[in-house]
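What the coordinates show
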Amino acid sequence: MNPEPVPAAPILVAEGVVRSYGDRRVLKGVGLSLHPGEIYALLGHNGAGKTTLVRAICGRLRPDAGTVLLNGADPARTPAARAGLGLVPQEIALYANLSVRENIETFATLAGVPRAKAPAAVRRAMELTRTLDRADAPVRTLSGGLQRRANIAAAIVHEPTLLILDEPTVGVDIDAREAVDAVIRDLRGLGVAVLIVTHDLDQAGALADRVGFLRDGSMVLEGEPRALVAEAFGDQMEILVHLAEGLDMAGEIHLAAEGLEPTRRPGVWTRLDSGGYGAAGRLDARLRQLGLAPREIRVRQPSLANLFSLVAERKAA
Amino acid sequence: MSGRLAMSLAMMRVMALELWRDRAALVMTFLLPPLVFLIFSSVFAGTSGDNLQPKLAVADLARTDASRRVAAALLKSPELRAETAPDAAAVRSRVKSGQVDAGLVIRADPAAPGKPFLIVADPSRAVAAPLAQARTQQALAAAAPDAALRRSIDSVAPALGELTPVQSARIDAAAAQLREKPQPVKDDLFDREDIAGARKGGAVIAYYAGAVMILFALFSAMQGALSLMEERRAGVADRLLAGVAGMGPVVTGKFLFLTAQAFVQAVMIFVVAQAIYGVEALQHFVLWLPTTLAAGVCSAGLALGLVSLCRTRDQAQMLSTFVILVLAAIGGSMAPRFLMPAWLQSLGWLTPHAWVIDAYQAVLWRDAGIAAVYKAWIVLAAVGAAGLLVAQALSRDPQR
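Please read these numbers as outputs of a predicted model, since none were measured by experiment.

Examined at the domain level, chain A breaks down into domain 1 (12-229) and domain 2 (237-301). When each unit is reduced to the centre of its C-alpha atoms, the spacing between domain 1 of chain A and domain 2 of chain A is 38 Å.

Right under this line is the structure:
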């Protein structure tokens, strides 16, 4: 009989982190841990405290209370602790006139990669991010997706144990997003702990082993995405109704009366219902009766997006 | 090689590659300074005195023998660019429109009592009027000495009393002889002595070589230092601050690059100054080198420090423009400091420009030794070091 695998020690442990800017308390005792080979998505609205938490993890600010340990040491007091950290900013944090290779060489040196090991490290980073075939192209000439991957390459050239990505796929198309996601999965496979700060709930749902919802400086929900969704919605299904765009106010009032809420996509309304497909059929009939014949009605499992809305509603309540 | 030095050199490489691949910036950085230096030198070399040739409009209303000779002498003078005008109104019109620097109206025979000459001056070209006056007096003495003699006799006549017929006859004869065979003009009043080792025209060239050097060193350094803001905006600073080394080596690398950039700019300017105007930079290399390095250190440190104080690129751009223009104006990069009022000259010592210009002049023009320039080196290096320290300290600020 094989012994139970011993769980690896967490790479990142944050406990009770409190941080204020003047009178405003931005973090109110946040905790977070991350293990090798784990992807954690940190979610939350703007102003929830995500950036401050990331800065505390990076050692750029010291918490007023609580602790942050990165590879067992305080990153704000022990620079060596940050040697195992790679940060991928939301912007393309590269030198536009330099080639991919020149950029990664530069960041390898700045990350303290020894000169003798730099060429192999640079090549490995480009291989992992699939940028090797454009190694000598200036960054400014690359597509958005390639720039995103080069942005990641510059952060992993020193083989960090924790990689933090801030909105890694903002502004890129679906193909480019999938390519970035593939890179992130590969890194997880290599044992890298990945912390993604994102508003892209689809990406978080698809990639993350665990997600955390930060709201007003507190971690209000944390866990495995499917389990969280199941726990929050039980047997409820999401009914998506596609209508013609440009509804008048009366039409919107009718939809609201049926429990439907608008989504970000124009003409698409949603509601959670435990009645499943039967409920969808009844809703279709009712809307036709009201003169709001749907173009399409779909039924699907609730997603992180629904959970995100629920968390926001709880705040409003 | 230590890790931090390697990191600083990596940043120097980045700055060099970014500049090399931006051809417009490359031209602005290395070709524009010598070009502007040549323009300034051409403009201001003449104002040193030897080559100043004001344009003068001459109207001879008297049309006497003596007035014609004076007008002709002025028109032939190599020290003027004189042209004839039909009347006083034309002279005034040309001066007012800026076609000429000054005007001369010969209202009466030069030998006649009173004031036969009228100088028409433009206050904005004040130096032209006294020059035109001096050249006219020279022309009178050289081309119409008989008229000058008669004016001299007339001026002393009240003291001598009435001349006897014999004396009057002798004066007439002397005047006729002078008219027939003019004698070279003798200036018995003044001797002239140039300062030891003085080279004609070089003072202004040495002045402007230094003035343009520090002007462009600071301008280019400010542009280079703006990359700090760009790195902040693009997240490069976030990436580096999350690493082991932080921004320290980055700032140091930029400082080294900007110092080296200023050095190359100085080489370009002084090569041109030596090749075209004979400024002896190479002969004074031992003192030129530390002066140039001190100027480069000062411009690099000052630029990094000032840009670090800003929170946005717009702020930095505005501060950069303000600093470059105001310091250059006060410090003497735009107009010679000796033309400034005393209080402005004193204020100029608060700018690196004045120190750099004075140090280069001391080294290249006055052949001064180290005693004349070491203070400038200390001041410039101290300003640069202070700026670097400010940049280093602020680059570590997590809130920025």
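Structure shown, so let's carry the discussion forward.
Okay, the interface of chain A and chain B next. Each side of the interface is counted separately: chain A has 34 residues, and chain B has 27 residues. Of the roughly 2,600 Å² buried between chain A and chain B on both sides combined, carbon and sulfur atoms contribute 53%. It is Arg60, Tyr95 and Leu110 of chain A in chain A that bury the most area against chain B; as a group they hold 30% of the surface buried on that side. Between Glu105 of chain A and Arg13 of chain B there is a salt bridge, and its shortest N-O distance comes to 3.2 Å. For the pair chain A and chain B, the number of links is 10 residue pairs in polar contact (both at pLDDT 80 or more). Within the residue set of the side of chain A that touches chain B, elements represented by two or more residues are strand 1 (12-21), strand 5 (85-88), helix 2 (100-110) and helix 4 (144-156) of chain A.

Bringing the pairing of strand 7 (residues 193-197) of chain A into the picture now. Residues and elements named next belong to chain A. Buried residues dominate strand 7, accounting for five of its five residues. Burial of the side chains of strand 7 extends over both faces: Ala193, Leu195 and Val197 are buried on one face and Val194 and Ile196 on the other. With four bridges joining them, strand 3 (residues 39-43) and strand 7 adopt parallel strand pairing. Bridged to Ala41 within strand 7 is Ile196. Both strand 6 (residues 162-166) and strand 7 contribute to a ladder of five bridges, which runs parallel. Bridge pairing links Leu163 to Val194 in strand 7.

Here we take up the packing of aromatic side chains. Under the definition given, this model contains 11 aromatic pairs over all chains. With a centroid separation of 6.1 Å and 15° between ring planes, the pair formed by Tyr95 of chain A and Phe107 of chain A is classed as stacked. One end of the pair, Tyr95 of chain A, is in the loop between strand 5 and helix 2; the other, Phe107 of chain A, is in helix 2, with 12 residues separating them in the sequence. An identical accessibility class is assigned to Tyr95 of chain A and Phe107 of chain A; each is buried. Each member of the aromatic cluster is reached from another via a ring pair, and the members are Phe263, Phe270, Phe285, Trp288 and Tyr360 of chain B. Residue placement shows Arg23 of chain B over the ring face of Trp20 of chain B; its charged tip is 4.9 Å from the ring centre. Looking at Arg337 of chain B, its charged tip hangs above the ring of Trp349 of chain B, at a distance of 4.5 Å from the centre.

Definitions and limits used
- Sequence order sets the numbering: in each chain, residues are counted from 1 along the sequence as written.
- Written order determines the labels here, with chains lettered from A and ligands numbered from 1.
- Two thresholds apply to this predicted model, a pLDDT of at least 70 for residue-level local features and 80 or more for giving and counting side-chain atom pairs, whereas whole-chain, interface and lining totals are computed over all residues.
- Heavy atoms from the whole structure form the basis of all side-chain values; hydrogens and water molecules are not counted.
- Domains are outlined according to an automatic or database domain assignment.
- Contact between two residues is taken to exist if any of their heavy atoms lie within 4.5 Å; hydrogens are not considered.
- Two parts placed together each lose some accessible area under a 1.4 Å probe, and the buried area is that loss summed for both.
- For this analysis, a salt bridge means a side-chain nitrogen from Lys or Arg found within 4 Å of a carboxyl oxygen belonging to Asp or Glu.
- Pairs of N or O atoms are called polar contacts if they sit within 3.5 Å, as long as, within protein, a hydrogen donor faces a hydrogen acceptor (for residues adjacent in sequence, only side-chain-to-side-chain pairs).
- Here a helix means four or more residues in a row that DSSP labels H or I, a strand means two or more in a row labelled E, and each is numbered from the N terminus.
- Only protein chains enter the accessibility calculation, which uses a 1.4 Å probe; a residue is then buried when its area is under 20% of its type maximum, exposed when over 50%, and partly exposed in between.
- Pairing between two strands is assigned when DSSP locates at least 2 bridges connecting them.
- Here a Phe, Tyr or Trp ring, Trp counted by its six-membered ring, pairs with any other such ring whose centre lies within 6.5 Å, and the pair is stacked when the planes are under 30 degrees apart, edge-to-face when over 60, and tilted otherwise.
- By definition here, charges over rings are those cases where NZ of Lys or CZ of Arg is within 6 Å of the ring centre and within 35 degrees of the ring normal.

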